[in-house]
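# Observations on the three-dimensional arrangement
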Amino acid sequence: MLRIRPFKISDAHLMINWIKEERVFKMWCADKFNYPLTIEQLKAYKDECEQNELEWVLVALDEKGIPVGHFSMRRINYEKESVHLGFIVIDENKRGLGYGKEMVELAVKYAFELLKVKRVTLGVYDVNLTAKQCYEKVGFVTETYDEESFTYKDETWGMFNMAIERK
C-alpha cells in the first residue's frame, strides 16, 4: 500500500538513482533536466515549484515510508477544474510491481477529492507503451495524439495526450 506526501530534498538522493538509462530519462522529463539527474537539479526544481502556486511535487512512499515514486501536479486551472500530472516515475528497481498504477490512482484521488477538480490530464510518449497501458488501467483515455512531439537522437516520438474525468 502506497502513501503520498510532498517531495522533500531529502528524497533527492534516492531519486537520482531511479533512472539509469538516458533514453528512459528523456521519456520521463524530455529536456527539462540534464542527464544524469543530480541533487542540485532536483533542488532547483523544488525551489521553482515552490514559487509557482499552480505546481507542486509529491512522492509515493512504500509500506516502510521509503520513496518509490514521484510525480508533479501542474497547470492547475481552478476555473476549468483541471490539473496536469507530470514527471511520473517509479524507482527502476520497483517497476512491474503495481506501484505505478497505485501511485497514479492516488494522484487522481488527490486531484478529485482534495483539489476538487473534475479532470486530470497527462502526456506520455508513444515509445513508452508500458506507461500508457498503466494509465489506461487507471482510467485515462487518449484524447489527442501529436505525431512529432519530441526528438531524441535519431528518433522522433509522438505524444498521447490523455485525460480522466470525475464521474
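Residues numbered from 1 in each chain as written. Predicted model: local features only at pLDDT ≥ 70, side-chain atom pairs only at ≥ 80, totals over all residues. Heavy atoms only, no water.

An unreviewed UniProt entry lists the chain under the name GNAT family N-acetyltransferase, from Candidatus Cellulosilyticum pullistercoris.

## Examining the sheet that holds strand β2 (residues 56-61)
Here we have seven strands laid out as an open sheet, ordered β1-β2-β3-β4-β5-β7-β6, and mixed in their pairing. Across the chains shown, the open sheet's two edge strands, defined by having one partner strand only, are β1 (3-6) and β6 (141-152). In this sheet, neighbouring strand axes are inclined to one another by 30 degrees on average, regardless of whether the strands run parallel or antiparallel. Pairing of strand β4 (residues 82-90) with strand β5 (residues 119-125), which is carried by three bridges, proceeds in the parallel orientation. Bridge pairing links Val-83 to Val-120 in β5. (Pairing = 2+ DSSP bridges. Helix = DSSP H or I, 4+ residues; strand = E, 2+ residues; numbered from the N terminus. Axes fitted to C-alpha atoms, helices over the stretch in contact; angles between N-to-C directions.)

## Regarding the pattern of salt bridges
Once the charged atoms of two side chains with opposite charge are near each other, the side chains can pair. Per the stated rule, a full pass over the model turns up eleven salt bridges. The closest approach of N and O atoms between Glu-50 and Lys-46, which form a salt bridge, is 2.1 Å. With a gap of four residues between them, Glu-50 and Lys-46 both fall in helix α3 (residues 39-50), about one helical turn apart. Take Glu-50: its relative accessible area is 52%, and that puts it in the exposed class. On the accessibility criterion, Lys-46 (15% relative accessible area) is buried. Glu-165 serves as the salt-bridge partner of Arg-119, at 2.8 Å between the closest nitrogen and oxygen. (Salt bridge = Lys/Arg side-chain N within 4 Å of Asp/Glu carboxyl O. Buried < 20%, exposed > 50% of the residue type's maximum accessible area, 1.4 Å probe, protein only.)

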